[in-house]
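Single-letter residue listing:
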There are 2 protein chains.
Amino acid sequence: MQPGRISIIGVGLLGGSIGLAVKSNALPFHVVGYGHRRSTLDKALEVGAIDEASDDLAAAVSGASLVILCTPVLLFDQILKTIAPALADNTIVTDVGSTKRSVVQQAESALPPHASFVGSHPMAGSEKRGVEYARPDLFQGALCITTPSINTSTTALEQVEQFWRSIGMRITRLSPIDHDRLLADVSHLPHALAAALVNLQDEAALRLAGKGFLDATRIAGGDGALWRDILLDNRDNVRDSIGRLRTQLDHLLAMLDKNDADALANWLNNGSQRREALLKEKLREVNPD
Amino acid sequence: MQPGRISIIGVGLLGGSIGLAVKSNALPFHVVGYGHRRSTLDKALEVGAIDEASDDLAAAVSGASLVILCTPVLLFDQILKTIAPALADNTIVTDVGSTKRSVVQQAESALPPHASFVGSHPMAGSEKRGVEYARPDLFQGALCITTPSINTSTTALEQVEQFWRSIGMRITRLSPIDHDRLLADVSHLPHALAAALVNLQDEAALRLAGKGFLDATRIAGGDGALWRDILLDNRDNVRDSIGRLRTQLDHLLAMLDKNDADALANWLNNGSQRREALLKEKLREVNPD
């Protein structure tokens, strides 16, 4: 990507951390931050996440070589329509949204032919919200999924991937459809399940909760509005994931009913061993030989 | 409790940690460890968890003022029958099992009138197994549930609670029935769910797992045989807990079908806020004012 202006639309935890990562990696970009609250913009300037602040969308993206949408996903459609007329030739637009089918579709329909869209899902975050929790190393070693469609420019795709790599991320490419299907299983369902697990408890049971329960429900502590949007946007896949969970629960109930100790031990050990292998793989990714 | 002999039946992570905690708190007990493997007993002697080792159950409990069953729960019945004739007058027997109805019943039927049984569930542990992971502070600040029945001697109950307090535990009393019901919701279901959550994933989804998934499934990493026994022993309650989870999932599906954003945000925020309150309460318990 050529040196130039990066516009970060929404300077919360993710947008702010992108700005800090650009600075800490000494990338040759002038970072413009857009936000609708002056206090947020001031904080972003103060921590050094952005070089310039704007509360005007068109002005914020004007002359940018890269625009990164970092607001809640449900705002993307309106933002894309607003920025479309203001984009310079060859501007690349990407995002950090947790669902990808709707975003890619909206972007491809809203943006002019002289701009390119590449869907991105940098898999980093926190239960904390706001630029005050932004960290330059938030993305270091984490996975970024890029989601090219048949309409995606290969050059733009490679430039966006290069950008994420330059702030420390690893890249995996998936179609928007595969992204949303796989993330429903491995991210959206676990979040919903953590909420369900808390909500089904009565107070007497909660008082007995140990470290295991707190770990298992940590992701229930996230931002309700963010996860509402994700679950609604990806509801067909989430429904399928719940179906797969029900199949597992039915299998468990059948083993309990039959008092089938061997099958139950196998089922539990299978979960234990697959998680153990996953953990080793993740540690290897973060600390390669 | 009078100074004297403590017999720890099974010197794994929990039994070994009890021995180390007795020593580090300088309690006036001679600790006898029973195990069926010589190598385990040697390790327990080596790390200082026990003063004396025995691979003979009757000899191990002979003259003990307190016997603590620390083997897998399914072995308790046979152990209780074997030690019954060897117990001295006024011996108190307790245990560390994760289910309580069956244990209390077995103990009350197996033990002679001159001995007392008090059910205990010290809520501490680890995914690690074996005396090599034993720690003197494993129980420090953690909760121990005692489960008196109508047959339990008040004196014995108070002495057992005093013992757990003397190694740093807080005490809550519950009937065996309430214990098994509440623990099914807050412990046994979450463990089963963590296994289900891993087992429903295909390999492509697992490759995308982030920190949230690893946290949510940490308790799937436990000992399959231990959790098999707990789930089977408490299967009626686990079945009810799964029913309560299904009710939550049905509610979630209905909100998704109706695209009910407000209800979904409330449901997610309720989970988030109750967990937040729980976390604060837990931190307050560990670090009281």
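Look a little higher up for the structure.
The present account deals with the structure reproduced in this document. (Residues numbered from 1 in each chain as written. Chains lettered and ligands numbered in written order. Predicted model: local features only at pLDDT ≥ 70, side-chain atom pairs only at ≥ 80, totals over all residues. Heavy atoms only, no water.)

### Notes on the interface of chain B and chain A
On the side of chain A, 75 residues touch chain B, which itself brings 75 residues to the contact. Between chain B and chain A, the buried area comes to about 7,400 Å², and carbon and sulfur atoms account for 66% of it. Area buried by chain B at its contact with chain A is led by L208, R274 and R275 of chain B, which between them contribute 10% of it. For the pair chain B and chain A, the interface holds eight salt bridges. Across the pair R274 of chain B and E203 of chain A runs a salt bridge whose closest N-O atoms are separated by 2.7 Å. At the boundary of chain B with chain A, the tally comes to 34 residue pairs in polar contact (both at pLDDT 80 or more). (Contact = heavy atoms within 4.5 Å. Buried area = accessible area lost by both parts, 1.4 Å probe. Salt bridge = Lys/Arg side-chain N within 4 Å of Asp/Glu carboxyl O. Polar contact = N/O pair within 3.5 Å; in protein donor to acceptor, adjacent residues only side chain to side chain.)

### Section: the packing of aromatic side chains
Residues and elements named next belong to chain B. A complete count under the given rule lists six aromatic pairs over all chains for this structure. On the basis of an interplanar angle of 75° and a centroid distance of 6.2 Å, the ring pair of F29 and F163 is categorised as edge-to-face. In this pair, F29 sits in strand β2 (residues 29-34) while F163 sits in helix α6 (residues 154-166), placing the two residues 134 residues apart along the sequence. Residue classification places F29 among the buried residues on the basis of a relative accessible area of 10%. Note on F139 and W164: the rings are 6.3 Å apart at their centroids and 50° apart in plane angle, and the pair reads as tilted. Within this pair, whereas F139 is found in the loop between β7 (120-122) and β8 (143-146), its partner W164 is found in helix α6, the two being separated by 25 residues in sequence. Neither F139 nor W164 differs from the other in exposure class; each is buried. (Phe/Tyr/Trp six-rings, centres within 6.5 Å; stacked < 30°, edge-to-face > 60°. Helix = DSSP H or I, 4+ residues; strand = E, 2+ residues; numbered from the N terminus. Buried < 20%, exposed > 50% of the residue type's maximum accessible area, 1.4 Å probe, protein only.)

### A look at unusual backbone geometry
Positive phi, normally seen in glycine, also occurs at N90 of chain B, with a value near 70°. Position of N90 of chain B relative to the elements: it lies in the loop between α4 (76-83) and β5 (92-95).

### Topic: the relation of the copies chain B and chain A
Aligned on chain A, chain B shows an RMSD of 0.0 Å; the corresponding rotation is 180° and the shift along the axis is 0.0 Å. With respect to symmetry, the two chain copies, as superposed, fit the operation of a two-fold axis. In terms of C-alpha distance to the rotation axis, chain B has A216 of chain B as its closest residue, with the C-alpha 2.0 Å off the axis. Mapped onto chain A, 100% of the interface residues of chain B again fall at the interface, so both copies present the same surface. (Least-squares fit on C-alpha atoms with pLDDT ≥ 70 in both.)

### Section: the packing of helix α11 (residues 235-257) of chain A against helix α7 (residues 176-199) of chain B
As a packed pair, α11 of chain A and α7 of chain B sit with axes 9 Å apart at the nearest point and diverge in direction by 125°. In terms of axis orientation, α11 of chain A runs oblique to α7 of chain B. Note that α11 of chain A runs across α7 of chain B; the crossing there is right-handed. Along the contact surface, α11 of chain A presents L245, Q248, L249 and L252 of chain A, while α7 of chain B presents A192, L193, A196 and N199 of chain B. (Axes fitted to C-alpha atoms, helices over the stretch in contact; angles between N-to-C directions. Parallel < 35°, antiparallel > 145°, perpendicular 65-115°, else oblique. Left-handed = near helix turned anticlockwise from the far one by under 90°.)

### Some points on the nonpolar core
Taken as a class, soluble globular proteins show a tendency for nonpolar side chains to be buried jointly. Residues L245 and L264 of chain A together with L245 and L264 of chain B are the most contacted members of the largest nonpolar core, which totals 82 residues. The contacts of L245 of chain B, once residues within four sequence positions are left out, are L193, A196, L200 and L249 of chain A together with L189 and L193 of chain B. If you look at the next biggest cluster of nonpolar residues, it comprises 36 residues, including V11, L13, I50 and I167 of chain A. (Core = buried A, V, L, I, M, F, W, Y, C linked by side-chain atoms within 4.5 Å.)

### Here's the deal with the sheet that holds strand β2 (residues 29-34) of chain A
All names here are of chain A. The strand order across the open sheet formed by six strands is β3-β2-β1-β4-β5-β6, and the pairing between neighbours is parallel. Whereas interior strands pair on both sides, the edge strands pair on one side only; in this sheet they are β3 (52-54) and β6 (116-118). In this sheet, adjacent strand axes meet at a mean angle of 25° when their direction is disregarded. Lying over the sheet, helix α4 (residues 76-83) contacts β1 (4-9), β4 (64-69) and β5 (92-95), oriented at roughly 160° with respect to β4. (Pairing = 2+ DSSP bridges.)

### Notes on the pattern of salt bridges
One pass over the full model with this rule turns up 40 salt bridges over all chains. Among the salt bridges present, the one from R101 of chain A reaches D236 of chain A, with a minimum N-O distance of 2.9 Å. Of this pair, R101 of chain A sits in helix α5 (residues 101-110) while D236 of chain A sits in helix α11, and the two are 135 residues apart along the sequence. On the basis of relative accessible area, R101 of chain A is assigned to the partly exposed category, the value being 24%. Judged by its relative accessible area of 34%, D236 of chain A is partly exposed. Among the salt bridges present, the one from D223 of chain B reaches R129 of chain B, with a minimum N-O distance of 3.2 Å. Of this pair, D223 of chain B sits in the loop between α9 (211-216) and α10 (224-233) while R129 of chain B sits in the loop between β7 and β8, and the two are 94 residues apart along the sequence. By relative accessible area, which is 58% here, R129 of chain B ends up exposed. Within this structure, R101, D180 and D236 of chain A form a network of salt bridges that share partners.

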